[in-house]
Amino acid sequence: MPRGMVPRQPARGGRQDKVRVGTGALASPPRAKSRGPSRATGSAAAPKGHRNASGKPAGSSAKIKGYNPVAPERVAEILQRLDQIYPDVTCALTHASAWELVVATILSAQSTDVNVNRVTPELFHKYPTVAAFAALTPEQLEPDVRSTGFFRNKSKSVVGAAKKIVAEFGGEVPKEMEKLLTLPGVARKTANVVLGTWFKLAEGVVVDTHVHRISRRLELTTNDDPQKIELDLMRIIPREKWILFSHQIIWHGRRLCIARKPKCAECALENVCHAGDKTWSTVEMHKNAKA
């Protein structure tokens, strides 16, 4: 990882830098290492009144006029760092066909991928084809998917989608957004997962709970509606990055940028993130930048 990207770590004694909270300034990335105190001393706050070489109070953020959180250079920096952290990530849902991915994605709503991956191997062994699912009633499927939660609605969606694929699409999952959206239980998130992961078609950006939360924390959107968030991300992220970006943010949300207590001190995006709910920061925090 290039020098200057890794944020300073908290002091061993548990002390944290004092963080300024604001709404408009972007702190510059950390400069190259100086010949000051050893890194082993941690990042304890400087003595009150102490000033750095520029004459500004120590620990203050260098302000940039006209801060724009979706400026092309900032978005490019975020994408570059994500590429370094998560270069080859893909969908974590276990699947061996487009249909299996449709089922797994429907089951993943309000559940975890880990939990879904416990259920689907036996499920796909028991019902190996779309036609096998289409022959079921929702009530027959319910016991097999009960542990994923909301099992009645999910059973109706899976069986309904299977029946429609068999009846109208020759038993093959369509690879057009408009057709996918006609399937019961399939909205844009599921359609984007299937198109991007299986068919390698960048028709949109997957907006799941992680993308929703982290894109707001990073100030890439101020919207709360998933469809509006998707449109915002499609405007600022190059199309060739849409598929990978979604996977990267989802993995980042699982590993570091978790909802209740993000691991900011371990995050390589820390010094370009001004989220108001950070647990540790070397830059100014913006109170409105949060999920």
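Computed from a predicted model, the values in this text were never measured in an experiment.

(A) Highlighting the overall build of the protein. Within the protein, the regular secondary structure consists of eleven helices and two strands. Listing each helix as α and each strand as β along the protein from the N terminus yields β-α-α-α-α-α-α-α-α-α-α-α-β. Across the protein, every contact between residues at least 6 apart in sequence was considered, and the portion connecting residues at least 24 apart equals 63%. Accessible surface for the protein amounts to roughly 15600 Å². Of this, 53% is attributable to carbon and sulfur atoms.

(B) Structural detail: unusual backbone geometry. Phi angles above zero are rare outside glycine, and F150 is one such case at about 50°. A relative accessible area of 54% means that F150 is categorised as exposed. At K200, a position not held by glycine, the phi torsion is positive, near 60°. Counting through the fold element by element, K200 comes out in the loop between helix 8 (188–198) and helix 9 (209–217). Exposure remark for K200: the relative accessible area of 58% places this residue in the exposed category.

(C) Expanded view of the pattern of salt bridges. Under the criterion given, the structure shown has eleven salt bridges. Between R81 and E77 there is a salt bridge whose closest N-O contact spans 2.6 Å. Of this pair, R81 and E77 both sit in helix 1 (residues 72–85), four residues apart, which is roughly one turn of that helix. According to the relative accessible area criterion, R81 is buried, its value standing at 2%. For E77, a relative accessible area of 25% gives the class partly exposed. E203 is the partner of R239 in a salt bridge, and the nearest nitrogen-oxygen pair spans 3.7 Å. Taken together, the residues R239 in the loop between helix 10 (226–236) and helix 11 (242–255) and E203 in the loop between helix 8 and helix 9 connect sequence positions 36 residues apart.

(D) Local environment of the nonpolar core. In terms of nonpolar packing, the biggest core is built from 64 residues, with W99, L123, F133, L141 and F245 touching the most fellow members. For this core, the element with the most residues is helix 2 (residues 98–107), which contributes eight residues. Once residues lying within four places of it in the same chain are set aside, the contact partners of W99 are T129, V130, F133, V158, A161, A162, I165 and V173.

(E) Main features of the packing of helix 9 against helix 11. Where helix 9 meets helix 11, the axes come as close as 8 Å, and the angle between the chain directions of the two elements is 85°. With respect to helix 11, the axis of helix 9 lies roughly perpendicular. Note on element contacts: helix 11 touches helix 9 through S246, I249, I250, H252, G253 and R254, opposite H210, V211, R213 and I214. Class assignment of the residues belonging to the contact of helix 9 with helix 11 gives a composition of four nonpolar, four polar and two charged.

(F) Structural view of the side chain of E230. Assignment of secondary structure puts E230 in helix 10. One polar contact links E230 to N192, side chain to side chain, over a distance of 3.0 Å. Apart from residues lying up to four places away in sequence, E230 is in contact with R188, N192, G204, V205 and V207.

(G) Seen up close, the packing of helix 5 (residues 138–145) against helix 6 (residues 151–168). Relative to each other, helix 5 and helix 6 sit at 120°, their axes nearing to 8 Å. Regarding the angle of helix 5 to helix 6, the classification is oblique. With respect to the hand of their crossing, helix 5 and helix 6 are arranged in right-handed fashion. Residues P138, L141, E142 and V145 of helix 5 form the contact with helix 6, whose own contacting residues are F151, R152, S155, K156, V158 and V159. When the residues that make up the contact of helix 5 with helix 6 are grouped by side-chain class, the tally is six nonpolar, one polar and three charged.

(H) Structural context of the environment of N271. Along the chain, N271 turns up in the loop between helix 11 and strand 2 (285–286). A polar atom in the side chain of N271 sits 2.5 Å from the side chain of R81.

Parameters at a glance
Residues numbered from 1 in each chain as written. Predicted model: local features only at pLDDT ≥ 70, side-chain atom pairs only at ≥ 80, totals over all residues. Heavy atoms only, no water. Helix = DSSP H or I, 4+ residues; strand = E, 2+ residues; numbered from the N terminus. Contact = heavy atoms within 4.5 Å. Areas by Shrake-Rupley, 256 points an atom, 1.4 Å probe, with all protein chains shown as cover. Buried < 20%, exposed > 50% of the residue type's maximum accessible area, 1.4 Å probe, protein only. Salt bridge = Lys/Arg side-chain N within 4 Å of Asp/Glu carboxyl O. Core = buried A, V, L, I, M, F, W, Y, C linked by side-chain atoms within 4.5 Å. Axes fitted to C-alpha atoms, helices over the stretch in contact; angles between N-to-C directions. Parallel < 35°, antiparallel > 145°, perpendicular 65-115°, else oblique. Nonpolar A, V, L, I, M, F, W, Y, C, P; charged D, E, K, R; others polar. Polar contact = N/O pair within 3.5 Å; in protein donor to acceptor, adjacent residues only side chain to side chain. Left-handed = near helix turned anticlockwise from the far one by under 90°.

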